[in-house]
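# Per-entry structural report
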Amino acid sequence: MKTDPDSHKRMTQRHKEGFEKKKAAAQKEKGLLIVYTGTGKGKSTAAFGMGLRILGHDMRLGVVQFIKGALHSAERQVLSRDPNCDFHVVGAGYTWDTQDRDADMRTAAAGWAEARRMIEDPAYDMVILDEMNIVLKYQYLDIAEVLDVFAKRREMLHIVVTGRHAPEALVELADLVSEIRPLKHPYQTQGIKAQKGVEF
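Below is a short write-up of the structure. Here the structure is a predicted model, which means the values were calculated and not measured.

Calculation notes
- Residues numbered from 1 in each chain as written.
- Predicted model: local features only at pLDDT ≥ 70, side-chain atom pairs only at ≥ 80, totals over all residues.
- Heavy atoms only, no water.
- Helix = DSSP H or I, 4+ residues; strand = E, 2+ residues; numbered from the N terminus.
- Buried < 20%, exposed > 50% of the residue type's maximum accessible area, 1.4 Å probe, protein only.
- Contact = heavy atoms within 4.5 Å.
- Areas by Shrake-Rupley, 256 points an atom, 1.4 Å probe, with all protein chains shown as cover.
- Pairing = 2+ DSSP bridges.
- Axes fitted to C-alpha atoms, helices over the stretch in contact; angles between N-to-C directions.
- Parallel < 35°, antiparallel > 145°, perpendicular 65-115°, else oblique.
- Left-handed = near helix turned anticlockwise from the far one by under 90°.
- Nonpolar A, V, L, I, M, F, W, Y, C, P; charged D, E, K, R; others polar.
- Expected span 1.5 Å × (residues − 1).
- Arc of directions from axis to C-beta.

## Overview of the overall build of the chain
Each helix and strand counted, the chain has 9 helices and 6 strands in total. Each principal axis of the C-alpha distribution contributes one length, and for the chain these read about 65 × 45 × 35 Å. The buried share of the chain, taken over its 200 residues, is 36%. Considering only contacts in the chain between residues 6 or more positions apart, those separated by 24 or more positions represent 76%. Counting only carbon and sulfur atoms, one obtains 53% of the accessible surface of the chain, whose full area is about 12,500 Å².

So this is what it looks like as structure tokens:
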């Protein structure tokens with residue numbers, strides 16, 4: 001169906017006016033608590049995209065990568081080369097690989113200690129806690145302590161938390177939450193394995 005040029009112009013003008021009105025009303029700045037959750041692919045990818053923006057502005061980025069420590073990560077290779085990025089990896093793989101709750105709890109505690117150091121250090125502008133939602137789901141850390149630290153963060157510090165099954169209390173505290181849902185995935189629909197440059 002062909003769109004009438006005049007009606008298209010009216011529609012886009014209304015969109016522009018609405019956008020400008022919202023933009024004019026949004027005058028505050030603050031550090032955001034951002035959560036990427038859901039069972040779809042792309043949560044860590046979204047977080048690391050934000051990390052690249054931070055580095056593009058010559059700001060300081062801290063990353064603690066839980067769970068995936070034993071896995072190769074091209075993002076880690078690239079981001080670690082930037083002098084403004086402090087990238088720490090903890091964990092020995094997914095919980096079904098380790099099968100050792102006590103070891104997983106010790107690893108999570110070490111990662112959280114590093115995360116707290118970054119959160120409390122005014123040098124950092126953003127801290128990404130990749131796959132932390134999984135750590136919280138399995139109760140490897142005290143969620144009350146984690147939320148208290150998040151709530152008391154510096155005014156302009158951004159914290160990004162990723163992983164499936166974000167706890168409801170974290171969702172409630174967060175400023176921005178995106179749930180990524182799978183509509184189609186080649187692994188499930190076509191038996192295509194994880195591939196370099198796409199999954200890792």
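## A closer look at the sheet that holds strand β1 (residues 33–37)
By definition, the strands of a sheet pair up through backbone hydrogen bonds, in either a parallel or an antiparallel sense. As summarised here, the arrangement of the 6 strands in space is β3-β2-β4-β5-β1-β6, forming an open sheet in which the pairing is parallel. Each edge of the sheet is formed by a strand with only one pairing partner; in this case those strands are β3 (85–89) and β6 (176–179). Here the strands of the sheet are splayed against their neighbours by 10° on average, with no regard to which way each runs. Seen against the sheet, helix α5 (residues 101–120) touches β2 (61–65), β3, β4 (126–130) and β5 (158–162) and runs at an angle of roughly 165° to β2.

## With respect to the packing of α5 against helix α7 (residues 143–151)
Two elements in contact, α5 and α7, have axes whose closest approach is 11 Å; the angle formed by their N-to-C orientations is 15°. Of the possible angle classes, the one that applies to α5 and α7 is roughly parallel. For α5 against α7, the interelement crossing comes out left-handed. Of α7, the residues touching α5 (which contributes Trp 112, Arg 116 and Ile 119) are Glu 145, Val 146, Val 149 and Phe 150. Within the contact of α5 with α7, the residues separate by chemical class into 5 nonpolar, no polar and 2 charged.

## Section: α5
Between its first and last C-alpha, α5 extends 28 Å over 20 residues, near the 28 Å set by a 1.5 Å rise per residue. When we look at burial in α5, the residues that qualify are Asp 104, Ala 108, Gly 111, Trp 112, Glu 114, Ala 115, Met 118 and Ile 119. Along α5, the residues classed as buried sweep out an arc of 165° about the axis, all on the same side. Seen from the buried face of α5, the exposed residues on the opposite side, beyond 90 degrees, are Asp 102 and Arg 106.

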